[in-house]
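As a plain string of letters, each chain reads:
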Amino acid sequence: MERFVSLFVTGVAQGAVFAVVALGFLLIHKATGVINFAQGDLVTLGAYIAIWAATDLELPLLGAYAVAVAALAAVGVLIERFAYAPIRDRSIHVVVISTLGAALVIRAVIVLWRGTSPTRLRGPLGFEVVEVLGARIPKQNLLIIGVTAVCVAALWLLFHRTQFGRQVRALASDRMAAQMQGIRVARMSMLTFGLAGGLSALAGVLIAPTRAVTVDLGFGPMLYAFAASILGGMGSIGGVVVGALAIGLVQQLGGGYLSPDYAEVYPFVLMLLVIALRPQGVLGSEVRARL
Amino acid sequence: MGSLLALSLLAAACGDDDDGDDAAADESAAGGTTTTTAPDYELEEPLRIVAVISEPGGSDPNAVPDYVDGIEMAIAEINEAGGLGGHPIEFEAVETPAVGDEITNSLNLALEEDPDVLLGPVSSTAVLAMAERVDAAGVPMIHNTTEPKVAGDGEAGSPWIFGNRPPNDGAARIAARYAVEELGAEEIGQLYVNTAFGQSGNEAQDAEIEELGAEVAAERSFEFNATDLTEAVLAMEDVDVVLDWGTPATVGLAVNTLAQQGLADVPHIGPGSVGFSFFADIVGDESLLEGVLGVVDCNPADDDREGVEAWHDAFVEEYGYEPSYGAAQMYDAVHIVAAIVNEAQAADPETIRQGLESLDGHEGICAIYSNENNVLQHSSVVVRFEDGSLVTEKTYDDVG
Amino acid sequence: MLEVRDLRVTYGTTVAVDGVDLDVGGGEIVALLGPNGAGKTSTLRAISRVVPATGTITFDGEPVGALRPEAVARRGLVHVPEGRHVFPNLSVHENLLVGRSARDGRPSAFEVDDVYDLFPELVPLRSRAGWALSGGEQQMVAIGRGLLAAPRLLLLDEPSLGLAPTVVDRVYAVLTEVAGRVPLLLVEQDTERALRLAARAYVMAAGRVALSGPAGEVAGRDELVASYLGRTATVRDGA
């Protein structure tokens, strides 16, 4: 039982981080139709900026996190301006390659700035654990789950209760009609890139305290978030969150009860199965992909 | 034809004079305390040493000063005592990044300095990127990595390339042997990263564990960028010892997770990276380090061999920080080359290459060095964290 | 208010609009008529900048021919497109709210409640998703959405297309009701209905304006127009 609880909570926490990253994918995809492959490196950059703010600037931890989120929102906008806006009318392949280019640039900047040696971002809760049904659960995992829940709720409200959210969804469903309605496409894409950047930083500061920070920090979460987005049908917040939790749980429980050797592979097996059997995603009702 | 004859004569001369090497080496081994009297001969040109190592403030933000400080400390000693063959040793350090395309560029710059011997690099990526060019250039190199592909029988091996770190699989075996023989472990847990480093370490441990009659009770591997080891650590619940051949990041994560899962008391033996200064930062909480073990190349801070403590103190006095094993190894590398030059009374690349090839029993600060398969060091030390510093538990001289 | 001069739209080698001149005055209802493929929809799309075109387009004295489509809409030149283009994943209510995006600070003659008053049949459908609506309901949403954009000129493309006659009656009843308050440029194949609503009309054929004039005159020359349509290649600009 303890083992199950432990793996379950870990799976949910991991899935929660994937969800935050995947929501960034979703936002940008909705507003622009592209997948931003720089998302993983934005996660890493967010963690490094938080480390810099906490150690070099000696800011209190939450201040450092806030700096990271704000800085990454700005970086998101810069990526939109330099890697997306100039080529937005070009083929989708060009745009995706451009985001990959942005990813490489970010990675190179991190290596030049902070180097390749692993480092650490402190978490507000240290390594404290709570016992739940006999299982020792790191408090940081509970924090990750809690923050993600708040974040998902906030995004849901943003999407469904604000004009900005309606405009993003309108843009996602019919770009030409959205333009005819006066929705400022360029501004929407800047805002969503900025929001997605902030979300990446949030994922970065949530996950970094659970492990050493290296330049690869965001790569795994990005891959799993991508799988989660495919699972969720790249359409709705609910779909993406369910997809992300499924990925986290499959990884942990598959690793724990089937064979640990393939823990990294289960999520992708699941993704391929879903693509084969239900291409619109688990909760998807429509297939509309520019990728 | 003439040069070939000369070469073989030189080779013969060097080969015959192994004992002489040792004598010269012994003198220098005492390091910071003893001065070497310069033998009475004249070199036509001074010995030129060029390092391909990143220094702090250069291209690699994580560069540590240890390597170049070790080199400069040795050169200063030798030059103060009159240099080699009537000349002070000349030294240049060429900024060399740990990764990326600039590595080749650094090597080119280094070769333009007309070196008699290259010291470094200190990363596997860099030494692999340089190997072919170094072989073609015909300049001996002493790199500070465990990269097996540039060992004598490795696919990128060259008669010009030597390493002064003990082999990875040997160090991994030592972890297993220490667990069984010193800690009395019968049921052993293994963690390792899915890279050449982790896998070859794991295989070496498997063989050693079987040989010693113990048993692998749980085994878990993970990607180099694993974000969570809960499942792997939970699998270690009933083992006597955890052998962990991961990256510094994953070993740190395993230390944290073991503590969170209430398994901090299970002995946890990691690879050499446990001895890196940033390892404590990764773990994040110094108290979690207590009792963590690592297999490092040497531990100059706690080594009772003659002269080591004096060297350690002199280094701390001069540079103001604890020297890593890398500092000691690069210090030793200079003295190895100096001993070869003094013995052969020549400082050309081929002489140095032959001297390294026939190196046998040079006593240095970090180890006693002999060449085998173009690997010069064959000892490792098991260390344990105690009050934030590394305490030597046991030294092994037969690492392979 | 709207002046279009020498408008040309080409798709590859096909010339869809070939030198159209067109004017809509303030407060005017103008119909743009013609058979399938005459270039009516391309003309509207060129005006709202969703297809590239050459020529000059001036709206309220300012050139709009180089603006992005959303900027054109934000100036009050609002296009209710052919095929309705209701946002499928937004509810009726949300579709209407999105319509307000183009106001850009202009006072609006219509608020959401006014649209529900115009189209009471939408009230029970407030939270139904766009994709689940019938064609007529979608047309109502599209017109409502356009009205909420505070249009200074509403470009209406084929509002009767594919709808049952009773539904077309409803749509035209509403258009008649708003006609006094919003200038319209109406593209329509149903010549009769359009001419009843409009004060002036242009008749397009093969990418050119074949005939233009007050609605009554054009209506009177219906037969003539019909006969023109068979031999459009020889027709010169008729403006």
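In this text, all values refer to a predicted model and were calculated from it rather than measured experimentally.

What counts as what
Residues numbered from 1 in each chain as written. Chains lettered and ligands numbered in written order. Predicted model: local features only at pLDDT ≥ 70, side-chain atom pairs only at ≥ 80, totals over all residues. Helix = DSSP H or I, 4+ residues; strand = E, 2+ residues; numbered from the N terminus. Rg over C-alpha atoms; globule rule 2.2 N^0.38 Å. Contact = placed C-beta atoms within 7 Å. Domains from an automatic or database assignment. Nonpolar A, V, L, I, M, F, W, Y, C, P; charged D, E, K, R; others polar. Axes fitted to C-alpha atoms, helices over the stretch in contact; angles between N-to-C directions. Parallel < 35°, antiparallel > 145°, perpendicular 65-115°, else oblique. Left-handed = near helix turned anticlockwise from the far one by under 90°. Expected span 1.5 Å × (residues − 1). Buried ≥ 20, exposed ≤ 12 C-beta atoms within 10 Å, placed from the backbone. Core = buried A, V, L, I, M, F, W, Y, C linked by C-beta atoms within 7 Å. Pairing = 2+ DSSP bridges. pLDDT = per-residue confidence, 0-100.

Novice: Got a minute to help me understand the overall build of chain A in this structure?
Specialist: Each helix and strand in chain A was counted, giving eleven helices and two strands. The C-alpha atoms of chain A give a radius of gyration of 19 Å, which matches the 19 Å a tight globule of 291 residues would have. Viewed in the frame of its principal axes, chain A has a C-alpha envelope of about 60 × 50 × 35 Å. Once local pairs closer than 6 in sequence are excluded, the contacts in chain A between residues at least 24 apart make up 74%.

Novice: Just checking my understanding: could you explain the domain arrangement of chain B for this structure?
Specialist: A common way to state how big an interface is: give the accessible area lost once the parts meet. Residue and element names in this part refer to chain B. What the domain assignment reports for chain B is domain 1 (18-166 + 303-379) and domain 2 (168-296). For domain 1 versus domain 2, the distance between C-alpha centres works out to 31 Å. At the interface, six residues of domain 1 touch six residues of domain 2. Here the side of domain 1 that touches domain 2 is composed, by residue class, of four nonpolar, two polar and no charged.

Novice: Honestly, unusual backbone geometry in this entry has me stumped. Any pointers?
Specialist: Of all residues except glycine, most have a negative phi; of all peptide bonds, most are trans. Residue Pro-121 of chain B is bonded to the preceding Gly-120 of chain B through a cis peptide linkage, with omega at 0 degrees. By secondary structure assignment, the location of Pro-121 of chain B is in the loop between strand 3 (117-119) and helix 5 (124-137). One non-glycine residue, Arg-84 of chain C, adopts positive backbone phi at about 70 degrees. With respect to the secondary-structure elements, Arg-84 of chain C resides in the loop between strand 6 (77-80) and helix 3 (92-98). Residue Ala-206 of chain C is not a glycine yet carries a positive backbone phi of 50 degrees. Mapped onto the secondary structure, Ala-206 of chain C falls in the loop between strand 9 (200-205) and strand 10 (208-214).

Novice: I keep staring at the packing of helix 9 (residues 219-231) of chain A against helix 10 (residues 237-258) of chain A and nothing clicks. Help me out?
Specialist: Helix-helix packing is characterised by the crossing angle of the two axes and by the distance between the axes. Residues and elements named next belong to chain A. For the pair helix 9 and helix 10, interaxial distance at closest approach is 7 Å and the crossing angle is 125 degrees. Compared by their axis directions, helix 9 and helix 10 come out oblique. In this structure, the crossing between helix 9 and helix 10 has a hand that is right-handed. Residue-level contacts link Tyr-224, Ala-225, Ala-227, Ala-228, Ser-229 and Leu-231 of helix 9 to Val-240, Gly-243, Ala-244, Ala-246 and Ile-247 of helix 10. Here the contact of helix 9 with helix 10 is composed, by residue class, of nine nonpolar, two polar and no charged.

Novice: Can you help me understand the packing of helix 2 (residues 39-55) of chain A against helix 8 (residues 185-207) of chain A in this one?
Specialist: Residues and elements named next belong to chain A. Packing of helix 2 against helix 8 brings their axes to within 7 Å, and their N-to-C directions diverge by 60 degrees. Judged on the interaxial angle alone, helix 8 and helix 2 are oblique. By crossing handedness, the relation of helix 2 to helix 8 is classed as right-handed. From helix 2, Gln-39, Leu-42, Val-43, Thr-44, Gly-46, Ala-47 and Ala-50 reach across to helix 8, where they touch Ala-196, Gly-197, Ser-200, Ala-201, Ala-203, Gly-204 and Val-205. Grouping the amino acids of the contact of helix 2 with helix 8 by side-chain chemistry returns eight nonpolar, six polar and no charged.

Novice: Sorry, what's going on with the interface of chain C and chain A here?
Specialist: Each partner contributes residues to the interface: chain C has 22 residues there, and chain A has 16 residues. Those elements giving two or more residues to the side of chain C that touches chain A turn out to be helix 2 (69-74) and helix 3 of chain C. Examining the composition of the side of chain C that touches chain A, we find that four residues originate from one element, helix 2 of chain C, more than from any other. Grouping the constituent residues of the side of chain C that touches chain A by class yields eleven nonpolar, six polar and five charged.

Novice: What exactly am I supposed to notice about helix 10 of chain A here?
Specialist: An α-helical segment advances 3.6 residues per turn. Residues three or four places apart therefore align on the same side. Between its first and last C-alpha, helix 10 of chain A extends 30 Å over 22 residues, near the 32 Å set by a 1.5 Å rise per residue. The buried count for helix 10 of chain A comes to 18 of 22 residues, which makes it a mostly enclosed element.

Novice: Would you mind showing me how to read the nonpolar core here?
Specialist: One recurring pattern in soluble globular proteins: nonpolar side chains tend to sit buried together. Core analysis: the biggest nonpolar cluster contains 294 residues, and Ala-19, Ala-22, Ala-50, Ala-68 and Ala-228 of chain A, Ile-71 of chain B together with Leu-186 of chain C have the highest contact counts within it. Two domains each donate at least three residues to this core, and these are domain 1 (18-166 + 303-379) and domain 2 (168-296) of chain B. Sequence-distant contacts of Ala-22 of chain A, that is, excluding residues within four places in its chain, are made with Ala-225, Ala-228, Ser-229, Val-240, Gly-243 and Ala-244 of chain A.

Novice: Looking at this structure, how should I read the interface of chain B and chain A?
Specialist: The partner chain A presents 36 residues to the 32 residues of chain B that form the contact. At the level of elements, strand 7 (215-222), helix 8 (230-234), helix 9 (248-260) and helix 10 (279-283) of chain B are the ones that each hand at least two residues to the side of chain B that touches chain A. The element best represented in the side of chain B that touches chain A is helix 9 of chain B, accounting for seven residues. For the side of chain B that touches chain A, the residue count by class is 14 nonpolar, eleven polar and seven charged.

Novice: I'm lost on the arrangement of the chains in this one. Help?
Specialist: Here two pairs of chains are in contact, and chains A and B lead that list by number of contacts. The two partners chain B and chain C share no contact, and the minimum distance between any of their C-alpha atoms is 36 Å.

Novice: Please clarify how the sheet that holds strand 5 (residues 161-163) of chain B should be interpreted in this entry.
Specialist: All names here are of chain B. Pairing is parallel across the open sheet formed by five strands, whose spatial order is 2-1-3-4-5. Each edge of the open sheet is held by one strand with a lone partner, namely strand 2 (90-94) and strand 5. Taking the axes of each pair of neighbouring strands and ignoring which way they run, one obtains an average angle of 20 degrees across the sheet. Of the strands in this sheet, strand 1 (48-52), strand 2 and strand 3 are in contact with helix 4 (residues 102-112), which crosses strand 1 at around 170 degrees.

Novice: Please clarify how the sheet that holds strand 2 (residues 14-24) of chain C should be interpreted in this entry.
Specialist: Pairing between the strands of a sheet comes from backbone hydrogen bonds, and it takes one of two forms, parallel or antiparallel. Judged by pairing direction, the sheet is antiparallel, and its four strands sit side by side in the order 2-1-4-5 (chain C) without closing on themselves. Two strands in the sheet have a free side with no partner beyond their single neighbour: strand 2 and strand 5 (62-63) of chain C.

Novice: It is not clear to me how the confidence of the model for chain B should be interpreted in this structure. Could you clarify?
Specialist: Interpretation of this model should avoid reading the predicted coordinates in detail wherever pLDDT is low. Residues and elements named next belong to chain B. Taken over all residues, the pLDDT of chain B has a mean of 87, while the share at 70 or more is 90%. Here residues 1-35 is a poorly scored stretch, pLDDT under 50, and it has 50 contacts once near neighbours within four places are set aside; other chains count. Our summary of model confidence lists the complex with pTM equal to 0.81 and ipTM equal to 0.88.

Novice: Where do I start with the confidence of the model for chain A in this structure?
Specialist: Residues and elements named next belong to chain A. Here chain A averages 89 in pLDDT, while 96% of its residues score no lower than 70. Mean pLDDT across the elements of chain A ranges from a minimum in helix 11 (residues 266-277), with 84, to a maximum in helix 2, with 96. When the criterion is pLDDT under 50, residues 285-291 qualifies, and its contacts beyond four places in sequence or with other chains add up to 13 contacts.

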